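Results of the structural survey
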Amino acid sequence: MENKHWIQGGFRCESPLFRREFSAEGVRSARLEICGLGFFHLYVNGKRVGDEEFVPAWTNFSSLLGCRAAYPVWEERAHYRTHYLVYDLTPYLWEGENVLGVQLGNGFYHQTRRTAEGELVYGFPKLRYELTLPHIDGTETFLESGPDTLWAESEILENNLYFGETHDLRKIQPHWAEPGFRGEGWQRSNPCHAPETELVEQTCPADRAVREITPVFCGEKGGARIYDCRENITGWVNIRCRGKAGEAVTVRHSEELSPEGALDFASCGGKEQIQEDRYFCGEEPLTVHPKFCWHGFRYFAVQGPGEPVSVSVVHTDLAVTSGFRCADPVLNWLYEAYVRSQLDNIHGCVPSDCPHRERLGYTGDGQITARCVMLTLDARKMYDKWMEDILDSQGAETGHIPHTAPFYGGGGGPGGWGGAIFQVPMAYYEAYGDVSLLRRAYPAILRWLDYMDAHSEDGLIVREEEGGWCLGDWCPPPGMEHPKIPPEYVNTYYYIQGLRAAIQAASLLGEPEPPKAAMRLEASEKALVEAFYDPDTGSFCGGGNGADAFAVDLGLGDSRTRQNLADRYRKSGKLDTGIFGTDILLDVLFRQGEGQLAYELLAKKTDASFANMMEKGATTLWETWDGGASHNHPMFGGAVRQLFTQVLGIRQQPGSAGYADVRIEPADIPGLSWAEGWITAPGGRIYVRWKRNEDGSISVSDRPE
C-alpha cells in the first residue's frame, strides 16, 4: 500500500466514522489494504469484517521529536514502521451498490491523557485504504481514500487506552455502513499529511476476544453494584444499557477490593487514573462495550441502569502450547498465574509490564521473560514483530536501546533493559533453531556494545545518558534494597553476556569475530572481579541480592563463591532478589545441583515468595514481592522456565537448538514426589512425567498415563 492520500475527520472528533459507496457489478474478487490510526474497525454492507481488535498493532509509527518527554534519553529512532492489514472482501459484497465503512479510535497514536512518560502524541486519527476490484471481463476498478469518502461523528465521545471510553448511544446511526443510508452530519473527509513511516503488511497475530466469563455479583457499595470475575484479566464488560434515553451507566474497574468491599484502585493507577466506561442510554436497550481500549481488572462496579451480560477476555491471540502440574500446589499456581499474567500483558504483539497503569513494552520485563514465553506460548510470530520494534527503537546515532519498544518513554537501565537486543534473538535461536532474528539483530547488537563501551569506565558500565536512569536489578523485596548490588555490577554482567552472545552469533552467522570483542570481554571480566570480588571471603558485593549468582553464571569467582551462594540461601531460606536476580539465582542453583534448595525458594512461603502471592488470593503475578504496586506483572515469571528445564528436566544437548537434540534429566528434588508437563517444540510435543519411588529413585515416562 502506498503511503499517500490519508484522510481524517474533524480535529475534535476522537472516533470518526467513514463511509464509501461503490459498485460491485461483475466483480470477480475484492482486495482491501487498509490502515486506520490509532485503531480501526472495518465494516462492509453493515457487517463487521473479521474479529481482530486493536489493529494495526502498535509500532514506532513515526517520529515523536518535538513532543515533551519525561526522560532525557531522547534521540531519533533507527526506523519508523506502520502496519496495514489486508482483507478479502469478496464474501461480503453484493451485486450492485456496496458500502465500505470504517470507525477509528485513538489508540497510542493519539493518546493525550496519561502524561507520566511525557506528552507523546503521533497525530490525530487518520485513515488510508486501497480497494482493488478485478472484474469478470478483465477490467479492474481501483478505489482509494480521498474526498469521496464521507465522514461523520460516531457515538464515541471520548476514548483513551488508559482511562476508558464515553459513548452516547443516542448518537448511533444504525445503518450507517449499508447501501441506501441517508443520515445527517456527513461531509467530505479532510486530506491530511501522510505519516513519515514505512508501510508494511501486518503478519503478526492480532488481539481477539478469546473467551467469555460470567461475573459473580458481590453486593452493593456506595450505590454501585460490585462484581467479581474470579481472576485478573484484560478485556471489557459487556453491559446491557436499559435505562431511559440519556440516563448514564458507569462501569469502573479495579484489581482489588478495599476491606469495606469497594473498588480499590491503588494497584492499577490510583484515583488519578481510573479505568472507567460511561454510556448514555439510547431509545432502546442495547448491549455495548468499549471498542478501542482494554482494561486490566478482576472486579468492576456498575452504577446506573446497566446489567453486565458477560466479560470478554481480550489479548493477542496466542495459543498456550504447554502444560504443567506436580505434587506441589504452589508450583501449579505459579505456572497458571504466570501464563495468565503473560497473556494479559500481550497486546498488539507487544509484551508489556502491566495492562493498566503503564501498558508499555519494557525491554527489561520483555527480555527476562522471553525464554519462558517461548516455552509456554505459540509466540514465534510475536517475537518476529517485537524484535522489529526493538530494532526500530534503537538510537539512530548512539546505538542506545531504550527502555521501551515501541519507544514510549519509561525508565530502566542500559544492561537489564538494553540487553533485550541480544537476549531476545538468542532466546529465539535456542527455542526455534532459527538464526533469522540474530541475522537481523547482529549489526544492532554490535552498535549497542559500542554504546555500552562508550558508557564505561575501566571496563565497568557506570552510566547511561546524562540524567537518565541507570538501574541494576529491579524490585528486590522491601527492606533488602540496601545495601543492594550496585547498578554497574548488574549492567556490566549484561555487557559481558552481550559480548559473549555477539561472539557466538558471529560463529552461527559465519561472520568474523566482532572487532575488539575478545579484548573488551577480558577487560570487563577483570574489572568486575577487581571492583566487586572479596578475596578474603570469595564473594561478590557481599553476596547479597543474588550477587554471587551473577558471578557464577559468568564463570567468575572460585569454589568458595559457589559454596557461599548455596550456604547463604540455605541459611536464609528466602529470596532477596529482583526480577533479574531471581531468574539468574534459581537457574544457577539448579545447575549447581542444588535442586532441593532452588525448589524451596520457588515454593516456600516467606514474605517475598510466590506462595505468599498465592495465599493472598492472587491470580496473576505481582510487580513487587509485597504486592504494593501492580498485581498483573509477568516480570518475576521469568523463573517459571525452571519448571520445564529443571523440574521436568527438558534440556537441550550442548551445542543444539530448537530442541532437535533433547535429554530428559529432572533435577534432584527430594521434596517433590511427582511432576508432569509438556512443551511444544518445532518438531512436536515433548511430554514428561516422573514420580519418586519408595527407594528415592525416580521413574520417568514420555507418555501420559
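This text gives an overview of the structure that appears in the document. The shown structure was predicted, so the numbers you read here are calculated from the model rather than taken from an experiment. (Residues numbered from 1 in each chain as written. Predicted model: local features only at pLDDT ≥ 70, side-chain atom pairs only at ≥ 80, totals over all residues. Heavy atoms only, no water.)

What follows is about the overall build of the protein. A tally of regular secondary structure across the protein gives 13 helices and 37 strands. In terms of overall dimensions, the protein has C-alpha extents of about 85 × 60 × 50 Å along its principal axes. Burial status across the protein gives 62% buried among its 705 residues. Within the protein, counting contacts between residues at least 6 apart in sequence, those at least 24 apart form 75% of the total. (Helix = DSSP H or I, 4+ residues; strand = E, 2+ residues; numbered from the N terminus. Buried < 20%, exposed > 50% of the residue type's maximum accessible area, 1.4 Å probe, protein only. Contact = heavy atoms within 4.5 Å.)

In this structure the tally under the stated criterion is 48 salt bridges. Here arginine 114 and glutamate 117 are joined by a salt bridge, their closest N and O atoms 3.2 Å apart. For the salt bridge of lysine 291 with glutamate 155, the shortest nitrogen-to-oxygen distance reads 3.0 Å. With lysine 291 in the loop between strand 25 (286-288) and strand 26 (295-303) and glutamate 155 in the loop between strand 12 (150-153) and strand 13 (156-160), the pair connects residues that are 136 residues apart, well separated along the chain. Among the residues examined, lysine 291 registers a relative accessible area of 17% and is labelled buried. Residues joined by salt bridges that share partners form a network here, namely Arg81, Asp384, Glu388, Asp392 and Arg440. (Salt bridge = Lys/Arg side-chain N within 4 Å of Asp/Glu carboxyl O.)

Right, let's get into the packing of helix 1 (residues 329-344) against helix 2 (residues 363-376). Helix 2 packs onto helix 1 with a crossing angle of 100° between their chain directions and a minimal axis gap of 11 Å. The angle between helix 1 and helix 2 falls in the class roughly perpendicular. On helix 2, the residues that touch Tyr335, Tyr338 and Gln342 of helix 1 are Thr369, Cys372, Val373 and Thr376. Across the contact of helix 1 with helix 2, the residue classes break down as 4 nonpolar, 3 polar and no charged. (Axes fitted to C-alpha atoms, helices over the stretch in contact; angles between N-to-C directions. Parallel < 35°, antiparallel > 145°, perpendicular 65-115°, else oblique. Nonpolar A, V, L, I, M, F, W, Y, C, P; charged D, E, K, R; others polar.)

Turning to the environment of tyrosine 569, a few remarks are in order. Position of tyrosine 569 relative to the elements: it lies in helix 9 (residues 559-572). The sequence separation of tyrosine 569 and glutamate 600 amounts to 31 residues, and the corresponding C-alpha distance is 9.9 Å. The contact partners of tyrosine 569, leaving out residues within four places of it in the chain, are Gly543, Asn545, Gly546, Lys574, Asp576, Thr577, Leu585, Leu597 and Leu601.

Another point: the sheet that holds strand 2 (residues 16-23). As summarised here, the arrangement of the 6 strands in space is 5-4-8-2-12-15, forming an open sheet in which the pairing is antiparallel. Two strands in the sheet have a free side with no partner beyond their single neighbour: strand 5 (47-48) and strand 15 (187-188). Note that strand 2 and strand 12 share 4 bridges and pair antiparallel. Directly across from arginine 19, in strand 12, lies its bridge partner leucine 150. (Pairing = 2+ DSSP bridges.)

A sheet is described by the order of its strands in space; here 4 strands give the open sequence 28-35-36-37, paired in antiparallel fashion. The outermost strands of the open sheet, each flanked by one partner alone, are strand 28 (323-326) and strand 37 (698-701). The sheet shows a mean angle of 15° between the axes of neighbouring strands, taken without regard to direction. Here strand 35 (residues 674-681) runs beside strand 36 (residues 684-692); their pairing, made up of 8 bridges, is antiparallel. Counted as the bridge partner of alanine 681 is glycine 684 from strand 36.

What the rule picks out here adds up to 33 aromatic pairs. Taken together, a centroid distance of 5.6 Å and an interplanar angle of 85° make the contact between tryptophan 58 and tyrosine 408 edge-to-face. One end of the pair, tryptophan 58, is in the loop between strand 5 and strand 6 (68-69); the other, tyrosine 408, is in the loop between helix 3 (380-393) and helix 4 (420-432), with 350 residues separating them in the sequence. Residue classification places tryptophan 58 among the buried residues on the basis of a relative accessible area of 4%. Look at phenylalanine 610 and tryptophan 625: their rings are 5.2 Å apart centre to centre, the planes differ by 65°, and that puts the pair in the edge-to-face class. Of this pair, phenylalanine 610 sits in helix 12 (residues 610-615) while tryptophan 625 sits in the loop between helix 12 and helix 13 (641-647), placing them 15 residues apart in sequence. Phenylalanine 610 sits in the buried class, given a relative accessible area of 1%. Taken together, the ring pairs in this structure connect Trp417, Tyr489, Tyr493, Tyr494, Phe532, Tyr533, Phe540, Phe550 and Phe580 into an aromatic cluster. (Phe/Tyr/Trp six-rings, centres within 6.5 Å; stacked < 30°, edge-to-face > 60°.)

What follows deals with unusual backbone geometry. Look at the link from leucine 37 to glycine 38: it is a cis peptide, with omega at 0°. With respect to the element layout, glycine 38 can be found in the loop between strand 3 (31-37) and strand 4 (39-44). A cis amide bond links alanine 405 to the next residue, proline 406, at an omega of 0°. At tyrosine 659, a residue that is not glycine, the phi angle is positive and equals roughly 55°. As for its placement among the helices and strands, tyrosine 659 is situated in the loop between strand 33 (650-652) and strand 34 (662-664). Look at tyrosine 659 and you get buried, because its relative accessible area is 17%.

Here we come to the nonpolar core. Counting residues in hydrophobic clusters, the biggest one holds 160 residues, and the most contacted among them are Tyr383 and Ile421. Among residues more than four places away in sequence, those in contact with isoleucine 421 are Met387, Ile390, Leu391, Ile401, Ala441, Ala444, Ile445 and Trp448. Membership of the second largest hydrophobic core comes to 28 residues, among which are Ile7, Phe40, Val44 and Leu100. (Core = buried A, V, L, I, M, F, W, Y, C linked by side-chain atoms within 4.5 Å.)

What follows deals with the pairing of strand 8 (residues 97-105). Of all the 9 residues making up strand 8, 8 are buried; the element is thus mostly covered by neighbouring parts of the structure. Looking at chain direction, strand 2 and strand 8 are connected through 7 bridges and run antiparallel. By the bridge assignment, phenylalanine 18 is partnered in strand 8 with valine 102. Bridging between strand 4 and strand 8 involves 6 bridges; their strand directions are antiparallel. By the bridge assignment for strand 8, valine 44 is matched with leucine 100.

On to the pairing of strand 14 (residues 164-168), then. Most of strand 14 is tucked away: 5 of the 5 residues are buried. By the alternation rule, side chains of strand 14 split into Gly164, Thr166 and Asp168 and Glu165 and His167, which are all buried. Both strand 13 and strand 14 contribute to a ladder of 4 bridges, which runs antiparallel. Counterpart to asparagine 160 in the pairing with strand 14 is glycine 164. Here strand 13 folds back onto strand 14, and the loop between the two strands holds 3 residues. Bridging between strand 14 and strand 24 (residues 275-280) involves 3 bridges; their strand directions are parallel.

Structurally, the position occupied by glutamine 367 is in helix 2. Contact partners of glutamine 367, with chain neighbours within four places excluded, come to Trp386, Gly416, Ala420, Gln423, Val424, Tyr494 and Phe580.

Packed helix pairs are specified by the crossing angle of their axes together with the interaxial distance, meaning the distance between the axes. At a minimum axis distance of 10 Å, the contact between helix 2 and helix 10 (residues 579-591) shows a crossing angle of 15°. Relative to helix 10, helix 2 is oriented roughly parallel. The handedness of the crossing between helix 2 and helix 10 is left-handed. The segment helix 2 lies against helix 10, with Gly364, Gln367 and Ile368 engaging Ile579, Phe580 and Asp583. (Left-handed = near helix turned anticlockwise from the far one by under 90°.)

The next thing to look at is the environment of glycine 637. Among the secondary structure elements, glycine 637 is positioned in the loop between helix 12 and helix 13. Taking relative accessible area as the criterion, glycine 637 reaches 0% and is therefore assigned buried. A sequence separation of 26 residues divides glycine 637 from arginine 663, and the C-alpha atoms of the two residues are 24 Å apart. Residues contacting glycine 637, with those up to four places away along its chain left out, are Tyr338, Cys372 and Leu621.

Geometric values such as these leave the question of function open.
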